[in-house]
Amino acid sequence: IAGITQAPTSQILAAGRRMTLRCTQDMRHNAMYWYRQDLGLGLRLIHYSNTAGTTGKGEVPDGYSVSRANTDDFPLTLASAVPSQTSVYFCASSDSNRATGGYTFGSGTRLTVV
Amino acid sequence: AQSVTQLDSQVPVFEEAPVELRCNYSSSVSVYLFWYVQYPNQGLQLLLKYLSGSTLVKGINGFEAEFNKSQTSFHLRKPSVHISDTAEYFCAVSGKTSYDKVIFGPGTSLSVIP
């Protein structure tokens, strides 16, 4: 089934550790996004990539980095995790440079930093 | 820049009753509008979207929404809800120019009571 695969599904991480959240799509979508979801705050954009080889900062980029070496993969890295990064992380993609088709979302990664 | 307000954080409703989830947006330019649904422990799914044309938009699972430009609203309605409609609903807005990002509201939790 075409879509987005995120891994891991959940993770408990010690503060100060490095962590990479994986995101892979098989729809050949150009644009990809990372959001974090926190209760009462909705979804906030962390980083995005309009096309392979390019990335940009979203609303809450501090403490996170991304890369887009190819069309399918868009990993999110926490260089040194802090408790405030405890959240549910969603990867999404869209097939054009306008949002006319809406976004396709992965199932999320639940991250707890202790 | 755009922003989205969802006036109700929680909406309880009895099974087979009608429901309306309210959404207002703010933007200085023309926008695309979306409703997404998130079932427990899942990612977001596109419910319906307004791009242009008819202001009444029909989506999946019997939901519909009406775009009201003068009131900058995009309320979601369903004439008769089912237990399976219990979920989090997100209103979202995007500008129409290239690479405009989708901005999500804080969400409304719909609880259908048997």
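The structure displayed is predicted, hence computed values, not measured ones.

## Concerning the overall build of chain A
When helices and strands are tallied, chain A shows zero helices and 11 strands. Starting at the N terminus, the α and β elements of chain A follow one another as β-β-β-β-β-β-β-β-β-β-β. In terms of C-alpha radius of gyration, chain A reaches 13 Å, essentially the compact-globule figure of 13 Å for 114 residues. When its C-alpha atoms are laid out on the principal axes, chain A stretches across 40 × 30 × 30 Å. The buried share among the 114 residues of chain A stands at 48%. Partitioning the contacts of chain A with sequence separation of at least 6, the portion at a separation of at least 24 is 54%. Counting only carbon and sulfur atoms, one obtains 49% of the accessible surface of chain A, whose full area is about 5,300 Å².

## What to know about the nonpolar core
Ranked by size, the top nonpolar core spans 28 residues in total, and within it B:Leu33, B:Trp35, B:Leu47, B:Leu48, B:Phe74, B:Leu76 and B:Tyr89 carry the most contacts. Among the elements of the structure, strand E2 (10-14), strand E3 (19-21), strand E5 (31-38), strand E6 (44-50), strand E8 (64-68), strand E9 (73-78), strand E10 (87-95) and strand E12 (108-113) of chain B are those that each provide at least two residues to this core. The contact partners of B:Leu48, leaving out residues within four places of it in the chain, are B:Leu33, B:Phe34, B:Trp35, B:Val57, B:Lys58, B:Gly59, B:Phe63, B:Glu64, B:Ala65, B:Phe74 and B:Leu76. Among the nonpolar cores identified, the runner-up in size contains 20 residues, and A:Tyr33, A:Ala99, B:Phe34 and B:Phe90 belong to it.

## Considerations on the pairing of E2(B)
All names here are of chain B. Residues of E2 alternate between two faces, with Val 11 and Val 13 buried on one and Gln 10, Pro 12 and Phe 14 left unburied on the opposite face. Here E2 pairs with E12 via five bridges, running parallel. Residue pairing in the sheet places Phe 14 in a bridge with Ile 113 of E12.

## What about the layout of surface pockets?
In this structure, the largest pocket encloses a volume near 610 Å³. The set of elements that each furnish at least two residues to the lining of the largest pocket consists of strand E4 (31-38), strand E9 (87-94) and strand E11 (109-113) of chain A together with E10 and E12 of chain B. Considered class by class, the residues forming the lining of the largest pocket number nine nonpolar, 16 polar and four charged. Roughly 160 Å³ of internal volume is contained in the second largest pocket. Of the residues in the lining of the second largest pocket, the class split is five nonpolar, three polar and two charged.

Reading the values: rules and limits
Residues numbered from 1 in each chain as written. Chains lettered and ligands numbered in written order. Predicted model: local features only at pLDDT ≥ 70, side-chain atom pairs only at ≥ 80, totals over all residues. Heavy atoms only, no water. Helix = DSSP H or I, 4+ residues; strand = E, 2+ residues; numbered from the N terminus. Rg over C-alpha atoms; globule rule 2.2 N^0.38 Å. Buried < 20%, exposed > 50% of the residue type's maximum accessible area, 1.4 Å probe, protein only. Contact = heavy atoms within 4.5 Å. Areas by Shrake-Rupley, 256 points an atom, 1.4 Å probe, with all protein chains shown as cover. Core = buried A, V, L, I, M, F, W, Y, C linked by side-chain atoms within 4.5 Å. Pairing = 2+ DSSP bridges. 1 Å grid on protein atoms, 1.4 Å probe; cavity = no way out; pocket = protein on both sides within 12 Å on 5 of 7 lines; lining within 4 Å. Points joined across faces, edges and corners; volume = space filled by probe spheres on them. Nonpolar A, V, L, I, M, F, W, Y, C, P; charged D, E, K, R; others polar.

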